Amino acid sequence: MSSAGLFKKFTQETVSQMAATKASDQRRIRAKLQEEYPMLEEQHWEEIMPKKDDIMLVKCHDAVAMVTTCGPKPRVLFFQHHEGLFFPHLKILHMFPWILPVHTVDIGGAKFVVSGANIMCPGLTSKGGKIGEGINAGDLCAVKLEGKTHPVAMGFALMSSADI
């Protein structure tokens with residue numbers, strides 16, 4: 001699996017444009033998110049980003065955009081790279097871990113995964129690792145560590161579950 005270096009530390013200097021979005025843009029973003037994550041029902045979306053709250057698209061360098069909430073405590077909800085698929089923030093993935101298929105890496109690979117390394121087949125096929133079912137090459141999936149409850153990373157599968 002590859003994260004393609006998308007997720008890194010963001011600072012104020014990383015942000016190139018930050019402005020409130022028009023109502024029509026907010027509807028478009030919400031519709032695209034609901035299309036990409038159909039397993040989330042209306043009450044889940046209301047919990048993630050209530051309709052009464054405004055959302056903002058924060059554009060950063062390297063063609064990265066973040067969907068954030070506005071208000072006194074803004075928070076990042078999703079990331080997008082080159083106007084492609086929206087990636088959920090890990091906090092969203094912790095709230096709703098079933099929205100992405102999951103691979104589990106053996107505990108020996110923990111420090112490498114947390115440092116952003118690509119995940120190799122032996123980390124999934126060795127004792128403690130677990131290959132997620134039905135994952136196709138190119139699918140976005142979450143990564144858990146052996147013995148841990150919550151995902152620690154996500155990325156695109158470079159190989160299908162069957163091929164691994």
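Quick caveat: nothing in here was measured; it's all calculated off a predicted structure.

Asks: Would you take a moment to explain the nonpolar core for this structure?
Replies: A general trend in soluble globular proteins is that nonpolar side chains are found buried together. In terms of nonpolar packing, the biggest core is built from 29 residues, with Tyr37, Trp45, Ile48, Val67, Phe78 and Leu100 touching the most fellow members. Of all the secondary-structure elements, those providing two or more residues to this core are helix H1 (23-36), helix H2 (42-48), strand E2 (55-60), strand E3 (64-69), strand E4 (76-81), strand E5 (86-88), helix H3 (90-95) and strand E7 (140-145). Those residues in contact with Phe78, other than ones at most four positions away along the chain, are Leu33, Tyr37, Trp45, Ile48, Ala65, Met66, Val67, Phe86, Phe87, Pro88, His89 and Ile92. In terms of nonpolar packing, the next biggest core, distinct from the first, is built from 8 residues, Ala110, Ile119, Leu124 and Ala153 among them.

Asks: How should I be thinking about the sheet that holds E7 in this particular structure?
Replies: Backbone-to-backbone hydrogen bonds join strands into a sheet, with any given pair of strands oriented parallel or antiparallel. Read from one edge to the other, the open sheet built from 3 strands follows the order E6-E7-E8, with strand pairing classed as mixed. This sheet does not close on itself; its edge strands, each paired only once, are strand E6 (102-105) and strand E8 (153-156). Neighbour-to-neighbour, the strand axes of this sheet turn through a mean angle of 35°, independent of strand direction. Where E7 and E8 come together, 4 bridges link them in antiparallel fashion. For Ala142, the partnering residue across the bridge sits in E8 and is Met154.

Asks: How should the pattern of salt bridges be read in this particular structure?
Replies: Opposite charge on two side chains makes pairing possible when the charged atoms of those side chains draw close. Going through the model one piece at a time under the given rule, you end up with 3 salt bridges. Between Glu42 and Lys51 there is a salt bridge whose closest N-O contact spans 3.3 Å.

Asks: Mind showing me how you'd approach the layout of surface pockets here?
Replies: With a probe scaled to a water molecule rolled over the atoms, the places where space remains empty come into view. Reported here for the second largest pocket is a volume of approximately 240 Å³. For the second largest pocket, the lining is made up of 13 residues, of which Leu57, Lys59, Ala65, Gln80 and Glu83 are closest to its centre. At the level of elements, H1, E2 and E3 are the ones that each hand at least two residues to the lining of the second largest pocket.

Asks: What's the story with H1 in this structure? I'm lost.
Replies: Two residues of an α-helix separated by three or four positions point the same way, owing to the 3.6 residues in each turn. Taking 1.5 Å of rise per residue, 14 residues should cover 20 Å, and H1 covers 20 Å from first to last C-alpha, within 8% of that figure. Taken together, the buried positions of H1 are occupied by Gln26, Ile29, Arg30, Leu33 and Glu36. Down the axis, H1 shows its buried residues gathered within 130° of arc, on one side only. Set apart from the buried face of H1 by more than 90 degrees, the exposed residues are Arg27 and Glu35. The inward-facing, buried residues of H1 abut H2, E2, E3, E4 and E5.

Reading the values: rules and limits
Residues numbered from 1 in each chain as written. Predicted model: local features only at pLDDT ≥ 70, side-chain atom pairs only at ≥ 80, totals over all residues. Heavy atoms only, no water. Core = buried A, V, L, I, M, F, W, Y, C linked by side-chain atoms within 4.5 Å. Buried < 20%, exposed > 50% of the residue type's maximum accessible area, 1.4 Å probe, protein only. Helix = DSSP H or I, 4+ residues; strand = E, 2+ residues; numbered from the N terminus. Contact = heavy atoms within 4.5 Å. Pairing = 2+ DSSP bridges. Axes fitted to C-alpha atoms, helices over the stretch in contact; angles between N-to-C directions. Salt bridge = Lys/Arg side-chain N within 4 Å of Asp/Glu carboxyl O. 1 Å grid on protein atoms, 1.4 Å probe; cavity = no way out; pocket = protein on both sides within 12 Å on 5 of 7 lines; lining within 4 Å. Points joined across faces, edges and corners; volume = space filled by probe spheres on them. Expected span 1.5 Å × (residues − 1). Arc of directions from axis to C-beta.

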